[in-house]
Amino acid sequence: MSLPGMGLEGPSAAPPITEADAPEYVLSDHLQIHFIELPKNHLKSTGDVKDKLDTWCYYFEHEGTVEEEDMTLLLKDNPALGKAHRVYRTFTADDELMDIAEAREKWQRDVSSRLRSAEQRGKEEGIQEGMQQGMQQGMQQGMQQGIQQKAREDALKMLKRGFPLSDIAEITGLSEQEIGDLERST
C-alpha cells in the first residue's frame, strides 16, 4: 500500500472506498484513509524523525509550535509537505479565515456542550420518572399485599367462629381452595 504524495510503502493494499449502498461501485482507487495516533509517536524533535511517515506526523503535531527553520529542514525533501505548510501559513495569516475557523470551532463546542447538558438533564429526568413509577408500583403492590393479608386474617377469624367456607369466600374474596390451605397451615 502506498500513500500518494508521501512515498510510503506498506505490507498490504487497503480496500477501495466504495458506495455504501452498492459496494461494487468503487468511488475512488486514488484515496486511502489512514489513522495515526500522534501522541504515540513520541517525536520530540526533528532528530527523532526517521522516515516520511515520521515527517508527516511531526509536522501535524508540531506545526505552528516550532521554529520555522526546524520546519524548513522537514520540508526540503517533501514537496507535498511543503505545499501543506504553505497552505497552513497562508490560512493562518488571513485574519478573516482564522475568525471563521475560530467561530466554527466555538459553534462546535457550544453544540457539543448543549448536547451533553441535554443528555444529562434527560438522564436526570429519566431517573426521577423511574423513581416515581417505582414508588407508585411499590405502593400499589404493598397495598395489594396488605389487602390480601387482611383477607387471610379475617378468613382465619371466621374459620375459628365456624363460618361456612362459601360465606368466608364471599366476604373475603378468597377462593375456597385458599381458605382450605389457610386452615391446614394453622
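Residues numbered from 1 in each chain as written. Predicted model: local features only at pLDDT ≥ 70, side-chain atom pairs only at ≥ 80, totals over all residues. Heavy atoms only, no water.

S.K.: Quick question: what am I supposed to make of the pattern of salt bridges here?
M.R.: Once the charged atoms of two side chains with opposite charge are near each other, the side chains can pair. Going through the model one piece at a time under the given rule, you end up with 6 salt bridges. Here glutamate 63 makes a salt bridge to arginine 89, at a shortest N to O gap of 3.2 Å. With a gap of 26 residues between them, glutamate 63 in the loop between helix H1 (52-62) and helix H2 (68-75) and arginine 89 in helix H3 (residues 79-93) connect regions that are remote in the sequence. Assessed through its relative accessible area of 12%, glutamate 63 is described here as buried. Its salt-bridge partner being aspartate 110, residue lysine 106 comes within 2.9 Å of it at the nearest N-O pair. Of this pair, lysine 106 and aspartate 110 both sit in helix H4 (residues 95-160), separated by 4 residues, roughly a single helical turn. Look at aspartate 110 and you get partly exposed, because its relative accessible area is 31%. (Salt bridge = Lys/Arg side-chain N within 4 Å of Asp/Glu carboxyl O. Helix = DSSP H or I, 4+ residues; strand = E, 2+ residues; numbered from the N terminus. Buried < 20%, exposed > 50% of the residue type's maximum accessible area, 1.4 Å probe, protein only.)

S.K.: When you look at the nonpolar core in this model, what are you seeing that I'm missing?
M.R.: Soluble globular proteins tend to pack their nonpolar side chains together in the buried interior. One finds Leu43, Val49, Trp56, Cys57, Tyr58, Tyr59, Met71, Leu74, Leu75 and Leu81 forming the largest nonpolar core, which totals 10 residues. Of all the elements in the fold, those that place two or more residues in this core are H1 and H2. Apart from residues lying up to four places away in sequence, leucine 74 is in contact with Thr46, Val49, Thr55, Tyr58 and Leu81. The next biggest cluster of nonpolar side chains, apart from the first, holds 9 residues, and it includes Ala155, Leu159, Leu174 and Ile179. (Core = buried A, V, L, I, M, F, W, Y, C linked by side-chain atoms within 4.5 Å. Contact = heavy atoms within 4.5 Å.)

S.K.: Would you explain a nonpolar patch on the surface in this entry?
M.R.: There is a patch of nonpolar side chains on the surface, built from Leu31, Ile33 and Phe35 and spanning about 390 Å² of accessible area. For phenylalanine 35, the position within the fold is in the loop between strand E4 (26-28) and H1. Relative accessible area serves as the criterion here: at 79%, phenylalanine 35 is assigned to the exposed category. (Patch = residues over 30% accessible without salt bridge, like charges linked within 9 Å, V, L, I, M, F, W, Y side chains within 5 Å. Areas by Shrake-Rupley, 256 points an atom, 1.4 Å probe, with all protein chains shown as cover.)

S.K.: What is the right way to read the layout of surface pockets from this model?
M.R.: Summary: where empty space remains is shown by rolling a probe the size of a single water molecule over the atoms. Each pocket or cavity is described by its volume, and for the second largest pocket that value is around 160 Å³. Taken together, Thr46, Val49, Lys52, Thr55, Leu73, Leu74, Lys76, Asp77 and Asn78 make up the lining of the second largest pocket. Put simply, the parts of the chain that give the lining of the second largest pocket at least two residues each are H1 and H2. Per-class residue counts for the lining of the second largest pocket are 3 nonpolar, 3 polar and 3 charged. (1 Å grid on protein atoms, 1.4 Å probe; cavity = no way out; pocket = protein on both sides within 12 Å on 5 of 7 lines; lining within 4 Å. Points joined across faces, edges and corners; volume = space filled by probe spheres on them. Nonpolar A, V, L, I, M, F, W, Y, C, P; charged D, E, K, R; others polar.)

S.K.: Before we go on, may I ask you to explain the side chain of histidine 85 in this structure?
M.R.: Inspection of the secondary structure puts histidine 85 in helix H3. Judged by its relative accessible area of 5%, histidine 85 falls in the buried class. Excluding anything up to four places from it in sequence, histidine 85 contacts Tyr59, Glu63, Glu68, Met71 and Leu75.

S.K.: Would you take a moment to explain the packing of H3 against H4 for this structure?
M.R.: Any two packed helices are characterised by how steeply their axes cross, that is the angle between the axes, and by the distance between the axes. Orientation of H3 relative to H4, taken along the N-to-C sense of each, is 90 degrees, at an axis distance of 5 Å. Overall, the two elements H3 and H4 adopt an arrangement that is roughly perpendicular. Judged by residue contacts, Phe91, Thr92 and Ala93 of H3 engage Asp95, Leu97, Met98 and Ala101 from H4. Taken together, the residues of the contact of H3 with H4 sort by class into 5 nonpolar, 1 polar and 1 charged. (Axes fitted to C-alpha atoms, helices over the stretch in contact; angles between N-to-C directions. Parallel < 35°, antiparallel > 145°, perpendicular 65-115°, else oblique.)

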